[in-house]
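A look at the structure
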Amino acid sequence: MFNRLRADRLLSLGLLQPLLELQKQRSHRVPVLMYHGIREEKRSGSAYFETNTSPDVFAQQMAYLAAHGFRTISLDAALDPTRDKLQRAVVLTFDDGLADLYTTAMPVLARFGFTATVYIVSGFTEVASHSKHVNGEEYLTWRRIRELADCGVDIGSHTVNHPRLWTLPPEQVQTELVQSKCMIEAETGKEITHFSHPFAFPGHNPRYLTVLDDSLHKCNYTDCVSTLIGRLHSGVDRFRIPRLPVNTHDDPAFFAAKLDGAYDWLSVPQRLVKKVRSSAELLQTR
Ligand SMILES: [Zn+2]
């Protein structure tokens, strides 16, 4: 079921994990795990780009966390500079607000006493009190989102329409950020300060990043999680919080290596690839 020969897995387990073991660099960074759908179906042919996690693998991963003394904490706690006891802490995040978070993931989280942060696409929630289907996906209704919020799950925004924000004019970027925040606040009665950036984070687009930061500030968001790879550390940029993508292909050893920091090296090739791509795009537009 697992592809044990993929290059990123072999390097993480064979080289980086033993090196980290030697250097004892394990305890001061908090893994922020990034989940999407919790279901059997695979969306991508590539293990790297897969976003779904099967219910069995998800339950295994939560059991691993519990068995190894991990506790789930909120993003606010992970970002709090006055807290120093962050060993064995992990933040669980779920993007998109898919219905299987409620039906499949929540019972597992409840079993282990875990909490999470869920990022809602406010325009995908429901039509006339019924759950909405967009591109074949079923999303959470407001009733379920309220129930999650009342159970202590942190709710954040993932825009109104899940657009490629960097392709929009600045005013529209701000509209996506402010309208989703207002709608979620009106429906849950809670202040919304967490934001998750949709799609691969365009880290090499300085013009867009200025617009994004400006909009996040204006809308009073305190933090923004991204698809940049790595674990959260004390000097992190709150609007570029790195995460660890997790999916159905993560066998227990690979999952453990990611938590330990043995996957963080991938942030370097990830940055390089993005830089090359953005330079190529720049050349094409000239
Ligand atoms: Zn998304």
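Residues numbered from 1 in each chain as written. Predicted model: local features only at pLDDT ≥ 70, side-chain atom pairs only at ≥ 80, totals over all residues. Heavy atoms only, no water.

With respect to the overall build of the chain
The secondary structure content of the chain amounts to 9 helices and 12 strands. A compact globule built from 286 residues would reach a C-alpha radius of gyration of about 19 Å, and the chain, at 18 Å, matches this within 12%. With respect to the three principal axes, the spread of C-alpha positions in the chain is 55 × 50 × 45 Å. Looking at the chain residue by residue over its 286 residues, the buried ones come to 51%. The contacts in the chain between residues at least 6 apart in sequence include a share of 68% that link residues at least 24 apart. As displayed, the chain has an accessible area near 13500 Å², and 54% of this comes from carbon and sulfur atoms. Charge separation in the chain, taken as the distance between the mean sites of 33 positive and 32 negative side-chain charges, equals 5 Å. (Helix = DSSP H or I, 4+ residues; strand = E, 2+ residues; numbered from the N terminus. Rg over C-alpha atoms; globule rule 2.2 N^0.38 Å. Buried < 20%, exposed > 50% of the residue type's maximum accessible area, 1.4 Å probe, protein only. Contact = heavy atoms within 4.5 Å. Areas by Shrake-Rupley, 256 points an atom, 1.4 Å probe, with all protein chains shown as cover. Lys, Arg positive; Asp, Glu negative; His and termini not counted. Charge placed at Lys NZ, Arg CZ, Asp CG, Glu CD.)

Considering the pairing of strand β11 (residues 223-229)
Of all 7 residues that make up β11, 7 are buried, and the element is covered over most of its length. The sheet contact formed by strand β10 (residues 194-196) and β11 spans 3 bridges and is parallel. Bridge assignment links His 194 to a residue of β11, and that residue is Asp 223. Taken together, β10, helix α7 (residues 206-218) and β11 form a β-α-β motif whose crossover is right-handed. (Pairing = 2+ DSSP bridges. Right-handed = clockwise from strand over helix to strand, strands pointing away.)

Concerning the coordination of the zinc ion
Distances from the zinc ion to its protein donors, namely Asp 96 (OD), His 158 (NE2) and His 162 (NE2), fall within the range 2.0 to 2.1 Å. The exposure class of His 158 is buried, given its relative accessible area of 1%. (Donors = N, O, S within 2.8 Å, 3.2 Å for Na, K, Ca; no water.)

Regarding helix α2 (residues 55-67)
For α2, spanning 13 residues, the distance from its first C-alpha to its last is 18 Å, which sits close to the expected 18 Å at 1.5 Å a residue. For α2, every residue scored as buried is listed here: Val 57, Phe 58, Gln 61, Met 62 and Leu 65. For α2, the buried positions fall inside an angular range of 135 degrees around the axis, keeping them on one side. Relative to its buried face, α2 has exposed residues pointing more than 90 degrees away, namely Asp 56 and Ala 67. Buried residues along α2 sit in contact with β1 (32-35), β3 (89-96), α4 (99-112) and α8 (252-260). (Expected span 1.5 Å × (residues − 1). Arc of directions from axis to C-beta.)

As for the pattern of salt bridges
Pairs can form between side chains of opposite charge once their charged atoms are near each other. Taken as a whole and judged by the stated rule, the model has 15 salt bridges. Glu 185 is paired through a salt bridge with Lys 181; the nearest N and O atoms lie 3.4 Å apart. Separated by 4 residues within a single helix, Glu 185 and Lys 181 lie in helix α6 (residues 170-188), roughly one turn from each other. For Lys 181, a relative accessible area of 8% gives the class buried. One salt bridge in this structure joins Asp 214 and Lys 218, with 3.0 Å as the shortest N-O distance. Here Asp 214 and its partner Lys 218 are both found in helix α7, 4 residues apart, which amounts to about one turn of the helix. (Salt bridge = Lys/Arg side-chain N within 4 Å of Asp/Glu carboxyl O.)

Here's the deal with the nonpolar core
The biggest cluster of nonpolar side chains holds 55 residues, and the ones touching the most others in it are Tyr 35, Leu 92, Phe 94 and Ile 155. Looking at this core, the element that brings in the most residues is α4, giving 5 residues. Setting aside chain neighbours within four positions, we find Phe 94 in contact with Tyr 35, His 36, Ile 38, Phe 58, Leu 101, Ala 105, Leu 109, Ala 116, Thr 117, Val 118 and Tyr 119. With 15 residues, the next largest nonpolar core counts Val 32, Ile 73, Leu 75 and Val 236 among its residues. (Core = buried A, V, L, I, M, F, W, Y, C linked by side-chain atoms within 4.5 Å.)

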